[in-house]
Amino acid sequence: TELGKKKATVYGFNWMPNSIITDQRLQGPVASALMFDWCHCLICDGTVDHEFGLFMHHMQYKGRTSTSWVELRTFLEEWTQPIVWGNCLYLFTDAANKNNHLKAGFSSSASEFMTIVPLLKRYLHKVVLPRGEEAAHVESMVAALDVLELLMRCKRGGVTPASLRAAIEKHLALFK
């Protein structure tokens, strides 16, 4: 109904007159925010930023490879980004690097992560891949960033469902 559509817009979910969520007698606890959009699934404590943290932890665990948070920060320091993008080097301070390594994660906002994605890909392609260290892990991380870039481009067009599906399937296969 038209009223149901309006209520769904206001309440943010599919409104039904007998919903458990809206029943005044039950007043059950409801999550304050539940996001299923691609951005939140991938980079707001999602799969890609989580994989990035695991990847960096794996790469520098017990000196396994030359890849490290410090090396990445040094690489990023060589680039000047547009002022409107801001400078994301604070994500790679010694304290942040230590925290990210200990938790095998990566803390950033969605916009911060999307800002550094092109540079992360360049770092992986130009620095890490040529060394041949842990190539399967590097290829999986690159594939995850490829999916993220495709999703960021969807709104501007040029991304077909088939190409997006192929990229997602490639990443999932490489991550396994």
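Residue positions within a chain follow its written sequence, with the count starting from 1. Local features in this predicted model are restricted to residues whose pLDDT is 70 or higher, and side-chain atom pairs enter the listing and the counts only when it is 80 or higher, whereas totals over whole chains, interfaces and linings include all residues. Only heavy atoms go into the side-chain values, all of them from the structure, while hydrogens and water stay out.

**Overview of the overall build of the chain**
Put simply, DSSP marks the helices as runs of H or I at least four residues long and the strands as runs of E at least two long, and each gets a number from the N terminus on. From N to C terminus, the chain includes 8 helices and 0 strands. Along the chain, from the amino end to the carboxyl end, the secondary structure elements read α-α-α-α-α-α-α-α. The 176 residues of the chain split such that 36% are buried. Residues count as neighbours in contact if any of their non-hydrogen atoms are within 4.5 Å of one another. Once local pairs closer than 6 in sequence are excluded, the contacts in the chain between residues at least 24 apart make up 60%. Shrake-Rupley sampling with a 1.4 Å probe provides the accessible areas, and residues are treated as covered by the protein chains on show and by no other component. Surface exposure of the chain reaches about 11,200 Å², of which carbon and sulfur atoms provide 59%. Only protein chains enter the accessibility calculation, which uses a 1.4 Å probe; a residue is then buried when its area is under 20% of its type maximum, exposed when over 50%, and partly exposed in between.

**Observations regarding the environment of Lys103**
Within the secondary structure, Lys103 is located in helix α5 (residues 94-103). Lys103 gets classed as partly exposed once you look at its relative accessible area, which sits at 43%. The spatial distance from the C-alpha of Lys103 to the C-alpha of Gly53 is 8.1 Å, given a sequence separation of 50 residues. A distance of 2.4 Å separates a polar atom in the side chain of Lys103 from a polar atom in the side chain of Ser107. In protein, a polar contact means a hydrogen-donor-capable atom and an acceptor-capable atom, both N or O and within 3.5 Å, with residues adjacent in sequence counting only if both atoms are side-chain atoms; elsewhere, any N or O pair within 3.5 Å suffices.

**Quick word on the packing of aromatic side chains**
Only Phe, Tyr and Trp rings take part, Trp by its six-membered ring, and two of them pair if their centres are within 6.5 Å. Stacked means planes under 30 degrees apart, edge-to-face means over 60, and tilted covers everything else. Taken as a whole, this structure holds 9 aromatic pairs when the rule is applied. Measuring from ring centre to ring centre gives 5.4 Å for Phe75 and Tyr123, while their planes differ by 55°; the resulting arrangement is tilted. Here Tyr123 lies in helix α6 (residues 110-131) and Phe75 lies in helix α4 (residues 69-77), a separation of 48 residues in the sequence. With respect to class, Phe75 is no different from Tyr123; both count as buried. Ring pairs connect the aromatic residues Phe52, Trp69, Phe92, Phe106 and Phe113, which therefore count as one cluster.

**Considerations on the confidence of the model for the chain**
Residues of the chain with pLDDT of at least 70 account for 81%, and the chain-wide mean is 83. Confidence, expressed as mean pLDDT per element, reaches its minimum in the chain at helix α1 (residues 2-11) with 66 and its maximum at helix α8 (residues 161-175) with 93. On a range of 0 to 100, pLDDT expresses the predictor's confidence in each residue.

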